[in-house]
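Listed below, chain by chain, are the residues.
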Amino acid sequence: MNFDKELDASGLNCPLPILRTKKALAELGAGQVLKVVATDPGSVKDMQAFAKQTGNELLSSTQEGGKYQFFMKKK
Amino acid sequence: MKKLAIIATKGTLDWAYPPYILASTAAALGYEVQIFFTFYGLQLVRKDTSCLKVSPLGNPGMPMKMPFGPKWFRDINWNIPNIIQANIPGFETLATALMKQTIANNGVATIADLRDMCQEAEVKFLACQMTVELFGFEHSDFVDGIDYVGAASFFEFAGESDICLYI
């Protein structure tokens, strides 16, 4: 999937992946896509909750070898 | 915009986390947030966060595990009786050092970092002027950007809030 910016939140725990995501999205324009990589298992549900409450669109959420990958489209 | 009002009343390292985690996360979700720091909660806004310590004494819910060494060693839960904890000088300092190491090992933010993130996200800090005087603090002991107010000012915001937490 194409993306405009990548955020590596590996090794960070709650609430840092969400706070960093929010900050990274602020640097993007509407419709641009942010890729986030995280290792916190809680981030799977948290990213969904973040998207739902902020109106940004979670395009995909996948897991590969202990890492979680998210693509978030800015509102 | 939804509003979150928090009253922070605890002044230990472990209890410093809930208000700052919830406030920073709510701000990231688009909430307007205020934290009212009162009584021991004032410790959470001191410039020097090294005053925050954790006490395992009388806290049976706190696992006592070592943040270093081989896995079998780290898995041991050290059940140290209260009467021994209470009589070892520097026990809280030791427990606090171990807790800080555990926090760093787990990729959990420091209190100073979380607090900075709250302030960057425009979480508003209010401090209880009465307890500032009661405990003999000076405004210069605390981080910048705090409003020193009384209970009535807290209610002005809390009365309109969607969520109000006492921590």
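Residues numbered from 1 in each chain as written. Chains lettered and ligands numbered in written order. Predicted model: local features only at pLDDT ≥ 70, side-chain atom pairs only at ≥ 80, totals over all residues.

**Details of the overall build of chain B**
Next, step 1: A count of helices and strands for chain B gives seven helices and five strands.
Next, step 2: Along its sequence from the N terminus, chain B presents helices and strands in the succession β-α-β-α-α-α-α-β-α-β-α-β.
Next, step 3: Principal-axis analysis of the C-alpha atoms gives chain B an extent of 50 × 35 × 25 Å.
Next, step 4: Looking at chain B residue by residue over its 167 residues, the buried ones come to 27%.
Next, step 5: Partitioning the contacts of chain B with sequence separation of at least 6, the portion at a separation of at least 24 is 78%. (Helix = DSSP H or I, 4+ residues; strand = E, 2+ residues; numbered from the N terminus. Buried ≥ 20, exposed ≤ 12 C-beta atoms within 10 Å, placed from the backbone. Contact = placed C-beta atoms within 7 Å.)

**Focus on the sheet that holds strand S3 (residues 124–128) of chain B**
Residue and element names in this part refer to chain B.
Next, step 1: Ordered in space as S4-S3-S2-S1-S5, the five strands form an open sheet in which the pairing is parallel. Here the strands that pair on one side only, and so sit at the sheet edges, are strand S4 (146–149) and strand S5 (163–166). Each strand axis lies, on average, 20° off the axis of its neighbour in the sheet, ignoring direction.
Next, step 2: Of the strand pairs in this sheet, strand S1 (residues 3–8) and S5 are connected by four bridges, and their pairing is parallel. From the neighbouring strand, Ala5 faces S5, where its bridge partner is Cys164. (Pairing = 2+ DSSP bridges. Axes fitted to C-alpha atoms, helices over the stretch in contact; angles between N-to-C directions.)

**Some points on helix H5 (residues 111–120) of chain B**
All names here are of chain B.
Next, step 1: Those residues of H5 not exposed but buried are Leu114, Arg115, Met117 and Cys118. Along the axis of H5, the buried residues cluster in a sector spanning 160°; they form a single face.
Next, step 2: Glu122 occupies a position one or two residues after H5 and carries a positive phi of about 65°. (Arc of directions from axis to C-beta.)

**What about the interface of chain B and chain A?**
Next, step 1: Between chain B and chain A, the contact holds 11 residues from the first and 11 residues from the second.
Next, step 2: Taken together, the residues of the side of chain B that touches chain A break down into six nonpolar, five polar and no charged. (Nonpolar A, V, L, I, M, F, W, Y, C, P; charged D, E, K, R; others polar.)

**Here we look at the pairing of strand S2 (residues 33–38) of chain A**
All names here are of chain A.
Next, step 1: Judged by which residues are buried, S2 turns out to be one-sided: Leu34, Val36 and Ala38 face inward and are buried, whereas Val33, Lys35 and Val37, on the alternate face, are not.
Next, step 2: Summarising the sheet, strand S1 (residues 5–9) and S2 pair through five bridges and their orientation is parallel. When the sheet's bridge partners are listed, Asp8 is paired in S2 with Val37.
Next, step 3: Once you follow S1 into helix H1 (residues 16–26) and on to S2, the crossover reads as right-handed.
Next, step 4: Relative to strand S4 (residues 67–73), S2 is paired through six bridges, and the arrangement is antiparallel. By the bridge assignment, Val33 is partnered in S4 with Lys73. (Right-handed = clockwise from strand over helix to strand, strands pointing away.)

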